[in-house]
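Chain by chain, the residues:
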Amino acid sequence: MSKQIKLWQGNEACAEGAMYAGCDFFGGYPITPSTEVAEILASLLPKAGGKFIQMEDEIAGIGTILGAAAAGAKSMTSTSGPGFSLMMELLGYGCMAEIPCVIVNVQRAGPSTGLPTKGAQADVMQTRWGTHGDHPTIALCPSSIEESFKLTVKAFNLAEKFRMPVILLLDEFIGHMREKMEVPRPGELEIYNHPRPKVDPKEYQHYADGSSVGGPYAAMGSGYRFNITGLTHDKHGFPTARLDEIQWKMDRLRDKIDRHLAELTEVEEEFLDDAEIVIFSYGAAARSSQQAVRQSRAKGIKAGLLRPTTIWPFPDRIVTDVLKKCRTMLVAEISQGQLVYEVERCNKSSTPVVPVLRYDGEMITPAQILKAVEEAQK
Amino acid sequence: MLDVNIYKSEDQSAWCPGCYNFAILKAVRQALASLDIAPHQVMFSSGIGQAPKLPHYLKCNLFNGLHGRTLPVATGIKLANHGLQVIAEGGDGDGYAEGGNHFVHAMRRNPGITYLVHDNQIYGLTKGQTSPTSEKGLVTGTTPFGNYNAPEHPLALAIAAECSFAARGFAGDSDHLAELIAQAIKHPGFALVDILQPCVTFNKLNTFQWYKDRVYQLEPEYDPADRQKAFARALEWGERIPLGIIYKKDRLPLENLLPQLKPGPLIKQSIGMEKRKELAGQFR
Ligand SMILES: Cc1ncc(C[n+]2csc(CCOP(=O)(O)OP(=O)(O)O)c2C)c(N)n1
Ligand SMILES: [Mg+2]
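Definitions and cut-offs
- Residue indices follow the written sequence of each chain, beginning from 1 at its first position.
- Chains and ligands are labelled sequentially in the order written, the chains with letters from A and the ligands with numbers from 1.
- Per-residue local features of the predicted model are confined to residues with pLDDT of at least 70, and side-chain atom pairs are confined, for both listing and counting, to 80 or more; whole-chain, interface and lining totals are unaffected and use all residues.
- Strands are runs of DSSP state E lasting at least two residues, helices are runs of H or I lasting at least four, and both sets are numbered from the N terminus onward.
- We take the radius of gyration over the C-alpha atoms and set the globule estimate at 2.2 Å times the residue count to the 0.38 power.
- Working definition of burial: number of other C-beta atoms within 10 Å of the residue's own, with buried at 20 or more, exposed at 12 or fewer, and partly exposed in between, all C-beta atoms being placed from the backbone.
- To estimate how far a helix should reach, multiply one less than its number of residues by 1.5 Å.
- For a residue, the bend is simply the angle between two axes, fitted respectively to the seven-residue segment ending there and the seven-residue segment starting there.
- With C-beta atoms placed from the backbone, a contact is any residue pair whose C-beta atoms sit within 7 Å.
- In this entry, near means the residue's backbone-placed C-beta atom lies within 6 Å of the molecule or strand.
- Under the scheme applied here, ten amino acids are nonpolar (Ala, Val, Leu, Ile, Met, Phe, Trp, Tyr, Cys and Pro), four are charged (Asp, Glu, Lys and Arg), and all others, including Gly, are polar.
- By convention in this section, buried Ala, Val, Leu, Ile, Met, Phe, Trp, Tyr and Cys residues joined through C-beta atoms within 7 Å make up a nonpolar core.
- Annotation comment: domain bounds sourced from an automatic or database domain assignment.
- Strand pairing is defined by DSSP finding a minimum of two bridges between the two strands.
- Lines fitted to C-alpha atoms define the axes, with helix axes restricted to the stretch in contact, and inter-axis angles between N-to-C directions lie between 0 and 180 degrees.
- It is the directions from the helix axis to the C-beta atoms that the arc portrays.
- Crossings are assigned a handedness: left-handed for a near helix turned anticlockwise from the far helix by less than a right angle, right-handed for a clockwise turn.
- A right-handed crossover is one whose linking path, passing over the helix from the first strand to the second, runs clockwise when the strands point away from the viewer.
- Relative orientations are named as follows: roughly parallel for angles under 35 degrees, roughly antiparallel for angles over 145 degrees, roughly perpendicular for angles from 65 to 115 degrees, and oblique for any other angle.

**Q** Even after reading the chapter, I still don't get the overall build of chain A, so can you show me in this structure?
**A** When its secondary structure is counted, chain A shows 13 helices and 15 strands. By the compact-globule yardstick of 21 Å for 378 residues, chain A fits well, its C-alpha radius of gyration being 21 Å. A principal-axis box enclosing the C-alpha atoms of chain A has dimensions of 70 × 45 × 45 Å. Of all 378 residues assigned to chain A, the portion counted as buried reaches 51%.

**Q** Just checking my understanding: could you explain helix H4 (residues 81-97) of chain A for this structure?
**A** What sets the pattern is the α-helix's 3.6 residues per turn: residues three or four places apart point alike. All names here are of chain A. A rise of 1.5 Å per residue sets the reference length of H4, with its 17 residues, at 24 Å; its end C-alpha atoms lie 24 Å apart and thus fit the reference within 8%. At Met 88, H4 is bent by approximately 50°, the largest bend along its length. Of all 17 residues making up H4, 12 are buried, and the element is well covered by its neighbours. The complete set of buried residues in H4 reads Gly 81, Pro 82, Gly 83, Phe 84, Leu 86, Met 87, Leu 90, Leu 91, Gly 94, Cys 95, Met 96 and Ala 97. Next to the buried residues of H4 lie helix H3 (58-70), strand E4 (75-79), strand E5 (101-109), strand E8 (165-171) and helix H8 (243-258). One or two residues past the end of H4 sits Glu 98, with phi positive at roughly 60°.

**Q** I would appreciate a short explanation of unusual backbone geometry in the present structure.
**A** Glycine aside, the phi torsion of most residues is negative, and most peptide linkages are trans. Residues Thr32(A) and Pro33(A) are joined by a peptide bond in cis, for which omega reads 0°. Not every positive phi belongs to a glycine, and Ser112(A) is a case in point at roughly 55°. Summarising the element assignment, Ser112(A) is placed in the loop between E5 and strand E6 (115-119). Phi at Lys127(B) takes a positive value of approximately 75°, unusual for a residue other than glycine. Tracing the chain through its elements places Lys127(B) in the loop between strand E4 (113-119) and helix H5 (154-160).

**Q** Explain the site of ligand 1 here, please?
**A** For ligand 1, the set of nearby residues contains 26 residues, the closest of which are Gly49(B), His67(B), Gly91(B), Gly93(B) and Gly124(B). Neighbouring residues of ligand 1 are not confined to a single chain but are spread across chains A and B. The set of elements that each furnish at least two residues to the shell around ligand 1 consists of H4 of chain A together with strand E3 (85-91) and helix H3 (92-98) of chain B. For the shell around ligand 1, the residue count by class is 10 nonpolar, 13 polar and three charged.

**Q** Sorry if this is basic, but what is going on with the nonpolar core here?
**A** Soluble globular proteins: nonpolar side chains tend toward being buried together. Among the nonpolar cores identified, the biggest contains 101 residues, and Leu41(A), Val102(A), Leu168(A), Ile279(A) and Leu330(A) are the most heavily contacted of them. The element that contributes the greatest number of residues to this core is helix H6 (residues 145-162) of chain A, accounting for nine residues. Counting contributing residues per domain, this core is built from domain 1 (5-182) and domain 2 (267-377) of chain A, each supplying no fewer than three. Cys19(B), Ile159(B), Ala171(B) and Ala178(B) belong to the second-largest nonpolar core, a separate cluster that totals 63 residues.

**Q** Looking at this model, I keep getting lost on the sheet that holds E3(B). Mind explaining?
**A** Remark on secondary structure: sheet strands pair via backbone hydrogen bonds, oriented parallel or antiparallel. All names here are of chain B. Across the sheet, eight strands lie side by side as E2-E1-E3-E4-E6-E5-E8-E7; this open sheet has mixed pairing. Every interior strand has two partners, whereas the edge strands, strand E2 (61-64) and strand E7 (215-217), have only one. The sheet shows a mean angle of 25° between the axes of neighbouring strands, direction not considered. The strands that helix H2 (residues 70-80) touches are strand E1 (42-46), E2, E3 and E4; relative to E3, the one it contacts most, it runs at about 175°. Packing of helix H8 (residues 227-234) onto the sheet brings it into contact with strand E5 (165-170) and strand E8 (241-248), and relative to E8 it is tilted by some 150°.

**Q** How should the environment of His236(A) be read in this particular structure?
**A** All names here are of chain A. With respect to the helices and strands, His 236 occurs in the loop between strand E9 (178-182) and H8. Through-space distance from the C-alpha of His 236 to that of Phe 314 is 32 Å; in sequence the pair is 78 residues apart. In contact with His 236, other than residues within four places in its own chain, are Gln 205, His 206, Phe 226 and Asn 227.

**Q** Explain the interface of chain A and chain B to me, please; I cannot follow it from the model alone.
**A** You'll often see interface size given as the accessible area lost when the parts meet. Each side of the interface is counted separately: chain A has 14 residues, and chain B has 17 residues. Per-element tally for the side of chain A that touches chain B: the top contributor is helix H2 (residues 35-47) of chain A, with six residues. Looking at the side of chain A that touches chain B residue by residue, the class counts come to six nonpolar, five polar and three charged.

**Q** It is not clear to me how helix H4 (residues 100-109) of chain B should be interpreted in this structure. Could you clarify?
**A** Residues and elements named next belong to chain B. For H4, the full list of buried residues reads Gly 100, His 102, Phe 103, Ala 106 and Met 107. Summarising the axial view, the buried residues of H4 lie within an arc of 155°, below the 170-degree limit, and thus occupy one face. In this structure, the buried residues of H4 make contact with H2, H3 and H5. Of the residues one or two after H4, Asn 110 is the one with positive phi, at around 65°.

**Q** Please explain the packing of helix H1 (residues 10-21) of chain A against H6(A) as it appears in this structure.
**A** Each pair of packed helices can be described by the angle between their axes along with the distance between the axes. All names here are of chain A. The contact between H1 and H6 brings their axes to 7 Å, and the two run at 35°. Once H1 is placed against H6, the crossing between them reads as right-handed. For the pair H1 and H6, the contacting residues are Gly 10, Ala 13, Cys 14, Glu 16, Gly 17, Ala 18, Tyr 20 and Ala 21 in the first and Ile 145, Ser 148, Phe 149, Lys 150, Thr 152, Val 153 and Phe 156 in the second. Per-class residue counts for the contact of H1 with H6 are nine nonpolar, four polar and two charged.

**Q** What am I meant to see in the pairing of strand E11 (residues 277-281) of chain A here?
**A** Consecutive residues of a regular strand have side chains that alternate between opposite faces of the sheet. Residue and element names in this part refer to chain A. With five of its five residues buried, E11 lies for the most part within the structure. The two faces of E11 match: Ile 277, Ile 279 and Ser 281 on one face and Val 278 and Phe 280 on the other face are all buried. The pairing of E11 with strand E12 (residues 303-308) spans four bridges and is parallel. Across the sheet, residue Phe 280 finds its bridge partner in E12, namely Leu 306. The parallel pair E11 and E12, bridged by helix H10 (residues 283-298), forms a crossover whose chirality is right-handed. The pairing of E11 with strand E14 (residues 328-333) spans five bridges and is parallel. Counterpart to Phe 280 in the pairing with E14 is Val 331.

**Q** Looking at this structure, how should I read the sheet that holds E12(A)?
**A** All names here are of chain A. Across the sheet, which stays open at both edges, the five strands sit in the order E10-E12-E11-E14-E15 with mixed pairing between neighbours. Each end of this open sheet is capped by a strand with a single partner; those strands are strand E10 (267-270) and strand E15 (353-357). Averaged over all neighbouring strand pairs, the angle between strand axes comes to 20°, with direction disregarded.

**Q** Before we go on, may I ask you to explain the domain arrangement of chain A in this structure?
**A** Residues and elements named next belong to chain A. The domain architecture assigned to chain A consists of domain 1 (5-182) and domain 2 (267-377). Looking at the side of domain 1 that touches domain 2 element by element, the count peaks at four residues for helix H5 (residues 124-129). Among the residues making up the side of domain 1 that touches domain 2, the classes are represented as 15 nonpolar, five polar and four charged.

**Q** Which parts of the structure should I look at to understand the packing of H3(A) against H4(A)?
**A** Residues and elements named next belong to chain A. Across the interface, H3 lies against H4 with an axial gap of 8 Å and an inter-helix angle of 30°. Classified by the angle between their axes, H3 and H4 sit roughly parallel to one another. Between H3 and H4 lies a crossing of right-handed hand. Here H3 contributes Glu 58, Ile 59, Ile 62, Gly 63 and Leu 66 to the contact with H4, which in turn contributes Gly 83, Leu 86, Met 87, Leu 90, Leu 91, Tyr 93 and Gly 94. Across the contact of H3 with H4, the residue classes tally to eight nonpolar, three polar and one charged.

Have a look at this one:
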């Protein structure tokens, strides 16, 4: 088969990635700058036998995909800031009830209605802590059109395996940028589908030990009887007030992430081996950071790039190690500075951490970052 | 009658050339002028969309809130200062989808709010997706194979939800619309005006001509107090679409039911430290 080269937008690549991953249900509400994801899936999904539904608001959007996912459909929604805020309550429900689904947030500049057609990276802490209560979070951040496709596929895989909502944290810059990409051939990327239970329905526990990551779980209505609730529950999904069961459930949710950090953590590195000045950057900002690193190198400055593609869980150990080895770490973000605090938290070597920020709705430029590198070099 | 020019604002319009929002704007100015309501006496609460931009182009007080949240904000304004004329404004998506829940409950409570819905049967601001009032079969960005869903009948819903004034206007007849809006403002409780608005850019089905061929004025002898008949007219949609006050019922507005608002608007009263001290610890 010949190569398929496409000039896609980030949002388009995300929708195409969802099709590749086997998404068969989309529910959502239009909002700039995410609407293309919905409109493309509105056209593609029905042709593949899937279902697209525009709901009356974003609460209904996430509600309908949680229902579809619980019933066994690979499900997804997409939105931007205001809609993402509305989804917070049911996002927590998805974590608690352990329902796999993908939520795409194409970040725009906020707060509130903000700048609907302009980009930002200021929802990253909301992504981690927006819904109430202790809960696990997995979030992926593409920096290119190709990554938008691949990380969407990965988001579905992780949702299936870890039984939870996975957030694809795009931003307007990548969402609306056009770039050439080679479309992966069928079979080229792994597609993970969670195992279905084989036990006698009488023996089935929906939240059995060992089923939280990679284990079997049933779709509702497939012959296995269980309960789904946002209340703290036992292995059958029935509400509990027993302290040992509460502890068990809360540890189970935490351990999904904490016991699988090595598998979940994913970072890209450039010139880190001998880097004195390291730029920590992700998503759209990482594109400018990458350019700034290359320009620095051309000027003889030993700069390097640390770019997580999985932003939650945060790559604590790697950041701590890199901080120990470098002289200064710059944190380049399109916000008033959010991940800079996470980097500081990981700083066990009193290495200077310098924020490089832009938050006027425009893309952070290589020139701004290069200037910061040169200052740090002095 | 005030001069309509006193409501002119300096803001540059962001609507498409030929948009029927301009006709609605003209009707709103005309209605306010005819009732001698000065710009400082009126407070708008609008949502997000093309429609809610209207008060930007009007000299008035404006709380431009969030998509779908006009009515809770308007209710708060009315209860805090019922001396103000409160007008809520938004589109069909804003009011009937994202704000659908608030819509139903605001009508039930019946605060003295005028609610103007620019019903173009489409999402204009986000460039053309289906709305709760889109016709079956309408092809839009999110219904590329045609809309499968039955459109909502907002006026029938309003009558069912105890709305005390439910009317329909047409942006293609701005003089009649201005009169209708004036009646709605004069109505003491919650007054809904669903305004048929051709969208020249994104709705190629419900055009000016489409509406023009169907709309008719309610007969002079029509009695808007008859709820059963009002339901029938509110559901009449197809060959013929009625314009005018479809349902009207005398119901005390929320602000008149609250004994604590009898002495005057909430913000003009002071509870005072003495009273608060007296009350402390009295709850059992
Ligand atoms: C919570 C939230 N979701 C989505 C949006 C995006 N959005 C803004 S206006 C709108 C719909 C516009 O349609 P309508 O209310 O009918 O007004 P019109 O533009 O047609 O006048 C949408 C989906 C938003 N601003 N906030
Ligand atoms: Mg509309």
